[in-house]
Amino acid sequence: MPQLFIGLTLYGFSMAVMVRAALGLSPWSVLNEGLEKHTSLSFGTLTAVVGVSVLLLWIPLRQRPTFGTAANIVVIAFSSDLGLTLVPEGLALPERVGLLLAGIFANALSVAVYVGARFGPGPRDGLMTGASALTGRSLRVVRTFIEVSVLAIGWLLGGGVGLGTVLYALAVGPVTQFFLPRFAYTSPRVTGSRPSS
């Protein structure tokens, strides 16, 4: 449980760091930022709204939310808004580059931490796995299609696309894959003699 909440908090905070870097965002953050420009809702609130909306797409995919799914929506929304409050705007370019690199690394690490806790998928992850199972397409193809679509919509709404978007796409997978085995939770083995039959 602590691992789940640490990972989700770090994920939301890393999103905020990338927003403050203002050099390009991950696809879903581009969508959230684009929507923010057209509503009075905060970035974190829109993260939650989009997450709940994505959950509605689970219904025809026969996906079932878990505790981890609900925690994903609530904790990431809160921690991303908290991060935007704590990290200042209008920094110099070298500082923004540092924020971008730190944000991408922290985001990839956080995915390994919260996924490794094994409390079930977040809304976007469940959409990907459910669509893959329904269509028979590989996870890579489905994820690429979803994220390119989300990125395009977010960009049309005014979300920030840039160098950070490209770096995120190239780096998040390998970094997450590197850390995931180190954070994958395994149930402790119960020792003792086996009962006789």
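Above this note sits the structure.
Residues numbered from 1 in each chain as written. Predicted model: local features only at pLDDT ≥ 70, side-chain atom pairs only at ≥ 80, totals over all residues. Heavy atoms only, no water.

### Re the overall build of the chain
1) Next: Along the chain, the regular secondary structure elements total 8 helices and 0 strands.
2) Next: For the chain, the N- to C-terminal ordering of α and β elements is α-α-α-α-α-α-α-α.
3) Next: Dimensions of the chain, computed from the C-alpha atoms along their principal axes, are close to 70 × 35 × 30 Å.
4) Next: Across the 197 residues that make up the chain, the buried fraction comes to 43%.
5) Next: Here the contacts in the chain between residues at least 6 apart in sequence split such that 81% fall between residues at least 24 apart.
6) Next: On the chain, roughly 11100 Å² of surface is accessible, and the fraction owed to carbon and sulfur atoms is 68%.
7) Next: The chain carries 13 positive and 7 negative side-chain charges, and their two centres are separated by 19 Å. (Helix = DSSP H or I, 4+ residues; strand = E, 2+ residues; numbered from the N terminus. Buried < 20%, exposed > 50% of the residue type's maximum accessible area, 1.4 Å probe, protein only. Contact = heavy atoms within 4.5 Å. Areas by Shrake-Rupley, 256 points an atom, 1.4 Å probe, with all protein chains shown as cover. Lys, Arg positive; Asp, Glu negative; His and termini not counted. Charge placed at Lys NZ, Arg CZ, Asp CG, Glu CD.)

### Some thoughts on helix H5 (residues 93–116)
1) Next: With 24 residues, H5 ought to run about 34 Å at 1.5 Å a step, and its terminal C-alpha atoms sit 34 Å apart, in line with that.
2) Next: Positive phi appears at Arg 118, one or two residues downstream of H5, with a value of about 60 degrees. (Expected span 1.5 Å × (residues − 1).)

### As for the nonpolar core
1) Next: Core analysis: the biggest nonpolar cluster contains 27 residues, and Leu 4, Leu 8, Tyr 11, Met 18, Leu 100, Tyr 114 and Tyr 168 have the highest contact counts within it.
2) Next: Put simply, the parts of the chain that give this core at least two residues each are helix H1 (2–21), helix H4 (67–86), H5 and helix H8 (163–183).
3) Next: Ranked by residue count, the leading element in this core is H1, at 9 residues.
4) Next: In this view, Tyr 11 contacts Ile 76, Asn 107, Ser 110, Val 111, Tyr 114 and Tyr 168; residues no more than four positions away in its chain are not counted. (Core = buried A, V, L, I, M, F, W, Y, C linked by side-chain atoms within 4.5 Å.)

### Here we look at the packing of H1 against H5
1) Next: It is the contact of H1 with H5, at a shortest axis distance of 7 Å, that shows an interaxial angle of 160 degrees. With respect to their mutual orientation, H1 and H5 come out roughly antiparallel. Handedness of the crossing formed by H1 with H5: left-handed.
2) Next: Residue classes in the contact of H1 with H5 are distributed as 16 nonpolar, 7 polar and 2 charged. (Axes fitted to C-alpha atoms, helices over the stretch in contact; angles between N-to-C directions. Parallel < 35°, antiparallel > 145°, perpendicular 65-115°, else oblique. Left-handed = near helix turned anticlockwise from the far one by under 90°. Nonpolar A, V, L, I, M, F, W, Y, C, P; charged D, E, K, R; others polar.)

### Concerning the pattern of salt bridges
1) Next: Within this structure, the stated rule accounts for 2 salt bridges.
2) Next: As a salt-bridge pair, Glu 89 and Arg 20 come within 3.9 Å of each other at their nearest N and O atoms. Note that Glu 89 is positioned in the loop between H4 and H5 and Arg 20 in helix H1, a separation of 69 residues in sequence.
3) Next: Look at Glu 89 and you get exposed, because its relative accessible area is 62%. (Salt bridge = Lys/Arg side-chain N within 4 Å of Asp/Glu carboxyl O.)

### A closer look at unusual backbone geometry
1) Next: The backbone of Ala 22 sits at a positive phi, close to 55 degrees, despite the residue not being glycine.
2) Next: With respect to the helices and strands, Ala 22 occurs in the loop between H1 and helix H2 (27–36).
3) Next: Classification of Ala 22 by relative accessible area gives exposed; the value is 51%.
4) Next: Positive phi, close to 60 degrees, is recorded for Arg 118, a residue that is not glycine.
5) Next: Looking at the secondary structure, you find Arg 118 in the loop between H5 and helix H6 (123–135).
6) Next: Relative accessible area serves as the criterion here: at 57%, Arg 118 is assigned to the exposed category.

### Observations regarding the environment of Val 113
1) Next: Structurally, Val 113 can be placed in helix H5.
2) Next: For Val 113 and Ile 6, which are 107 residues apart along the polypeptide, the C-alpha to C-alpha distance reads 7.6 Å.
3) Next: Ignoring sequence-local partners within four residues, the contact set of Val 113 consists of Gln 3, Gly 7 and Phe 183.

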